[in-house]
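A structural walkthrough
So the chains spell out like this:
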Amino acid sequence: MIHSNAERGASLVDLCDLSFDNSFVRELPADSLLRNVPRAVRNACYTRVEPTPVPAPQLLAWADPVGEMLGALPPDSSTGPVAEVLGGNRVLPGMQPYAARYGGHQFGQWAGQLGDGRAITLAEVVSPDGMRHDLQLKGAGRTPYSRTADGRAVLRSSVREYMCSEAMHYLGVPTTRALSLVATGEAVVRDMFYDGNPQAEPGAVVCRVAPSFVRFGNFEILADHEELDALKRLADYVIGTHFPELGAPSPATYARWFEEICWRTATMIAEWMRVGFVHGVMNTDNMSILGLTIDYGPYGWLEGYDPRWTPNTTDAQWRRYCYGNQPQIALWNLARLGVALAPLIEDKTALENGLAVFGETYERASHRMLADKLGLVSLDWEGDDHLLSDLFELLQEVETDMTLFFRLLAALPVESAADTADDSGLVEPLRRAFYTDEAFAPAQRSRLGGWLRRYIARVRQEQGGVPASERIERMNRANPKYVLRNYLAQQAIDALERGDAAYMARLMAVLQHPYDEQPRHDELADRRPEWARHKPGCSALSCSS
């Protein structure tokens, strides 16, 4: 992960030599106090605060593609100036670090002021292609928004955020990115299971990268406190910087902007559902105004298909943020944003239109994606609704790995399957997707075999003269072979804690091509092993980080 001069791109420069901008700081109201102590902040969008230095910053990982996007060379040393910057020990000329102020609805209840309690944005980089990117350190120390926390992050959560940010990007899901992972050389005490047994864990800082980290909650806190001038300034800044095509600020522009946010959010959620991703903490302070996946905490991928599954132990009872609820929770969150923006938009009908855009966009996108997953051109034929509903019922009746099932479905010999083929022969190509042999018990095998016959007939009806290779390619572009399963992430964490970064490097390289076969890495596509079913970090996770 550390590279020699020979590998460097001629057009790239050292991170320390990049030019930085600070438009967020320059154009928006700042906290008038400079005391870095937990407190209520008023009439401000951010507080100027610098990272708290750590004892021994050491670069553990650097994402070459993100560095190239920013125009930055991969560093030669794991402990040099770049590690000092990305660990929080050095602020470069031109940087004006700050922590953002925001509130949020957490698990459906207004939580008041939240804010960047351990995230500090260093500056904005204008990349070679003219795009603007925020560099934000997570785990960089206390801010006025830390409340009773220490502002730090542990290695396990930082590894998960670093890896998942990049894995989601290569899956084609709108997301923030991650540039680096830095060990701090100090211990951080966390109660991982919230059971009264805190333990010291290695600390780390991840550098997150996004055009903006503004969330729904940035607007909610201003509206809740009736700070309407700041609300308008923030909206105007976001539109002017990130949505300039919408035109000059006006009530009509704000309405179009809200519709765009609804459209982007719907598109993002449809992509989550396509790949089986579960965010785990869809609070409004974890919803990006740009429609990006943000804040990777207790996330996970569906393994056994279960719409009621959540990776978040805090949500285990109510399952508010389970896989199947994600579309309706996104809509609920957008409604909260609409309330916050109401003083600017004025016309209630415009807000309702925006929420309608979410529903229409999500329905269209999810139908298109499901059609792609099944290798069909569309899902508007008579009987398609039943074909889908029957499939998802079958996937729940026995423990079925969602990722593997859809990937293996492409290998079903649709064109050559004999109409008289027995159920065993039809089901066998899908064997790797099932966690037990229950799927091959006579009754279940008969039901699945019956569905597969209907599916084969449906594909044959639509396919006409289209070569099978085209259908299979379309399915394989929609159905990843490799996703960042929790047990894989935990194995990377375990290895890194032993000082071995090779496993994570290999896994990250594979996840850069999630739709390719990569036969040398087949074991990284296996369903969750039985030993990982209840192992900490391999299934459900707490919010402890």
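The structure contained in this document is the topic of the report that follows. (Residues numbered from 1 in each chain as written. Predicted model: local features only at pLDDT ≥ 70, side-chain atom pairs only at ≥ 80, totals over all residues. Heavy atoms only, no water.)

Considerations on the overall build of the protein
The line we're drawing: The helix and strand labels rest on DSSP assignments: H or I over at least four residues marks a helix, E over at least two residues marks a strand, and numbering proceeds from the N terminus. Two things to know: the radius of gyration comes from C-alpha atoms, and the globule rule equals 2.2 Å times the number of residues to the power 0.38. Using a 1.4 Å probe on the protein chains alone, a residue whose accessible area is under 20% of its type maximum counts as buried, one over 50% counts as exposed, and one in between counts as partly exposed. Any pair of residues with heavy atoms lying within 4.5 Å of one another is described as a contacting pair. Here the Shrake-Rupley method, with its probe set to 1.4 Å, supplies the accessible areas, and only the displayed protein chains count as covering residues. We count Lys and Arg on the positive side and Asp and Glu on the negative side, and we leave His and both chain ends out. Lys charges are placed at NZ, Arg charges at CZ, Asp charges at CG and Glu charges at CD.
Scanning the protein for helices and strands turns up 16 helices and 12 strands. Its C-alpha atoms give the protein a radius of gyration of 24 Å, within 12% of the compact-globule value 24 Å for 545 residues. Taking the principal axes of its C-alpha atoms as reference, the protein extends roughly 75 × 55 × 55 Å. The buried share of the protein, reckoned over its 545 residues, is 59%. Excluding contacts between residues fewer than 6 apart, the proportion of contacts in the protein whose partners are at least 24 apart in sequence is 73%. Surface summary for the protein: the accessible area is close to 21200 Å², and the carbon and sulfur share equals 52%. Where the 54 positive side-chain charges of the protein centre and where its 71 negative ones centre are 2 Å apart.

Digging into unusual backbone geometry
The phi angle at R147 is positive, at roughly 55°, despite the residue not being glycine. For R147, a relative accessible area of 51% corresponds to the exposed category. The residue R319 is not glycine, and still its phi comes out positive at about 55°. Secondary-structure assignment places R319 in the loop between β12 (300-301) and α8 (326-345). Under the relative-accessibility criterion, R319 is labelled partly exposed at 26%.

Re helix α6 (residues 228-242)
Under the convention used in this document: To estimate the expected span of a helix, subtract one from its residue number and multiply by 1.5 Å.
The first and last C-alpha atoms of α6 sit 21 Å apart over 15 residues, in line with the 21 Å expected at 1.5 Å per residue. Of the positions making up α6, those classed as buried are A230, L231, L234, A235, Y237, V238, I239 and H242. Against the buried residues of α6 lie α1 (23-27), β7 (119-126), α5 (216-224), α7 (251-275) and α8.

Observations concerning the packing of α8 against helix α9 (residues 348-374)
Applied cut-off: Whenever a helix is involved, its axis is fitted only over the stretch in contact; in every case the axis is a line through C-alpha atoms, and angles between N-to-C directions fall within 0 to 180 degrees. An angle below 35 degrees is read as roughly parallel, one above 145 as roughly antiparallel, one from 65 to 115 as roughly perpendicular, and any other as oblique. Note on convention: the crossing is left-handed when the near helix lies turned anticlockwise from the far helix by less than a right angle, right-handed when the turn is clockwise. Residues were grouped as follows: Ala, Val, Leu, Ile, Met, Phe, Trp, Tyr, Cys and Pro as nonpolar; Asp, Glu, Lys and Arg as charged; and all remaining residues, including Gly, as polar.
It is the contact of α8 with α9, at a shortest axis distance of 9 Å, that shows an interaxial angle of 155°. Of the possible angle classes, the one that applies to α8 and α9 is roughly antiparallel. Relative to α9, α8 is oriented so that their crossing is right-handed. Between α8 and α9, the contacting residues are P327, A330, L331, L334, A335, G338, A342 and I345 on the first element and A350, L351, L355, F358 and Y362 on the second. Residue composition of the contact of α8 with α9, grouped by class: 12 nonpolar, one polar and no charged.

Section: the nonpolar core
As a reminder, the rule being used: Throughout this description, the term nonpolar core refers to a set of buried Ala, Val, Leu, Ile, Met, Phe, Trp, Tyr and Cys residues connected via side-chain atoms within 4.5 Å.
Formed by 173 residues in total, the largest nonpolar core has its most connected members in L86, F219, W257, I289, W301, L374 and L484. The element that contributes the greatest number of residues to this core is α7, accounting for 13 residues. Excluding residues that lie within four positions of it along the chain, L484 makes contacts with M163, C164, A167, Y299, W301, A489, L507 and L511.

What to know about the pairing of strand β5 (residues 103-106)
What counts, and what does not: Strand pairing requires that DSSP identify at least two bridges connecting the strands.
Sheet topology places β5 next to strand β6 (residues 109-113); three bridges connect them, and they run antiparallel. What sits directly across from G103, in β6, is Q113. Hairpin geometry of β5 and β6 is characterised by an intervening segment of two residues between the two adjacent antiparallel strands and by a positive phi of about 50° at F107.

Things to note about the environment of G141
With respect to the secondary-structure elements, G141 resides in the loop between β8 (132-138) and α4 (155-171). Taking relative accessible area as the criterion, G141 reaches 1% and is therefore assigned buried. Sequence separation of G141 and T52 is 89 residues, and the distance between their C-alpha atoms is 5.0 Å. Ignoring sequence-local partners within four residues, the contact set of G141 consists of T52, G117, R118, I120, S146, D150, G151 and R152.

Topic: the packing of aromatic side chains
What counts here: Classification of ring pairs uses Phe, Tyr and Trp, with its six-membered ring standing for Trp, and accepts pairs whose centres are within 6.5 Å; under 30 degrees between planes counts as stacked, over 60 as edge-to-face, and the remaining range as tilted. The criterion for a charge sitting over a ring is simple: Lys NZ or Arg CZ within 6 Å of the ring centre, and within 35 degrees of the ring normal.
All told, the structure shown has 21 aromatic pairs when counted by the stated rule. Aromatic side chains F358 and Y362 sit 6.3 Å apart centroid to centroid with 5° between the ring planes, which places their arrangement in the stacked category. Of the two residues, F358 and Y362 are both situated in helix α9; the distance of four residues between them amounts to about one turn of the helix. A cation over a ring is seen here: R177 above Y170, with NZ or CZ 5.9 Å from the ring centre. The ring centre of Y435 lies 5.7 Å from the NZ or CZ of R527, which sits over that ring.

Regarding the environment of T241
Along the chain, T241 falls in helix α6. In this structure T241 comes out as partly exposed when scored by relative accessible area, which is 26%. Separated by 109 residues in sequence, T241 and R132 have C-alpha atoms that sit 8.9 Å apart.

Purely spatial values, then, with no claim about function.
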